[in-house]
Amino acid sequence: MVVLKDRIFFVSGSDFEGRKLIIENIKKKTLAIGQTSLNVLNFYPKEINIKDLQEKVLLSSFDEKRMLIFKDVYNLSKEVKDFLCNNLDKIVSNNYIVFEAEGDVLKNKKMSADKFFNFIANSARCYKTSLSEPALSFEDFKKSIRQNNAAQAMYVLAKLYQEKSSDSEKKALGLQLIGVLVSEFSCLKDDVSRKKYFNYLWKADRAIKERGFDPRFAIELFLSRNLAG
């Protein structure tokens with residue numbers, strides 16, 4: 001028997017990067033409990049066609065496990081909400097569902113009176129971004145690199161950039177972070193891996209200094225290509 005809280009997740013909060021990190025961690029935990037791969041489908045309220053949704057959700061191969069992520073859930077149409085509620089057992093038999101919302105939807109009186117959101121509150125495993133997170137530092141960035149955690153590194157990166165307002169500050173931050181990456185990977189004992197990472201970092205540094213690449217973009221590209229998800 002499928003346990004709903006193992007299949008349905010609700011992620012809310014005003015911090016976009018925080019919600020993104022939570023969802024990435026949910027994906028990792030899902031893969032850790034036996035999934036070798038996961039097909040992720042994102043659904044946005046204004047783009048959902050009910051027939052297309054029905055086909056994607058109900059008529060796919062049962063050999064393929066998927067994660068269905070519904071963005072901006074408070075704007076889902078009644079038709080979509082009814083479909084999800086009426087077909088829940090069939091959907092979760094072969095899918096994981098993530099409902100994402102900005103802000104604390106479940107404290108909204110109008111939303112709390114909605115049958116669909118009551119269902120979410122009672123059936124899903126709920127996560128909320130912290131209202132008062134401590135400031136993040138270079139040490140947090142280093143820790144995420146040492147843990148080989150791309151999602152956490154991306155989150156810290158975004159938070160560090162939020163603290164910088166001018167273009168010059170952001171460019172300087174990018175070059176500092178490139179230096180942090182060089183320092184961290186210089187400690188690797190595996191010569192092959194160390195040379196591979198240094199080659200990528202050298203290319204990123206050249207792209208920034210000679211071709212005008214945005215430092216943040218170059219770092220994000222490096223993290224997504226070289227760290228685990």
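Residues numbered from 1 in each chain as written. Predicted model: local features only at pLDDT ≥ 70, side-chain atom pairs only at ≥ 80, totals over all residues. Heavy atoms only, no water.

A. Summary view of the pattern of salt bridges. Using the criterion set out here, one finds 15 salt bridges in the structure. Where Lys159 meets Asp15, a salt bridge forms, and the shortest distance between an N and an O atom there is 2.8 Å. You can see Lys159 sitting in helix α8 (residues 150-162) and its partner Asp15 sitting in the loop between β1 (8-13) and α1 (16-32), a full 144 residues away along the chain. Each member of the pair Lys159 and Asp15 is classed as buried. In this structure, Glu184 engages Arg146 in a salt bridge whose closest nitrogen and oxygen atoms are separated by 2.8 Å. With Glu184 in helix α9 (residues 167-185) and Arg146 in helix α7 (residues 138-146), this pair connects stretches of sequence that are 38 residues apart. (Salt bridge = Lys/Arg side-chain N within 4 Å of Asp/Glu carboxyl O. Helix = DSSP H or I, 4+ residues; strand = E, 2+ residues; numbered from the N terminus. Buried < 20%, exposed > 50% of the residue type's maximum accessible area, 1.4 Å probe, protein only.)

B. Spotlight on the packing of aromatic side chains. Under the definition given, this model contains nine aromatic pairs. Here Phe116 and Phe117 contribute two aromatic rings whose centre-to-centre distance is 5.5 Å and whose plane-to-plane angle is 80°, an arrangement assigned as edge-to-face. The exposure class of Phe116 is buried, given its relative accessible area of 2%. Aromatic pair Phe185 and Tyr197: ring centres 4.3 Å apart, planes at 35°, arrangement tilted. Of this pair, Phe185 sits in helix α9 while Tyr197 sits in helix α10 (residues 191-211); the two residues are twelve residues apart in sequence, bridging distant segments of the chain. The same class applies to Phe185 and to Tyr197, which are both buried. Here the aromatic cluster, defined as three or more aromatic residues joined through ring pairs, consists of Phe43, Phe70, Phe99, Phe116, Phe117 and Phe119. Residue placement shows Arg7 over the ring face of Tyr96; its charged tip is 4.5 Å from the ring centre. (Phe/Tyr/Trp six-rings, centres within 6.5 Å; stacked < 30°, edge-to-face > 60°. Lys NZ or Arg CZ within 6 Å of the ring centre and 35° of its normal.)

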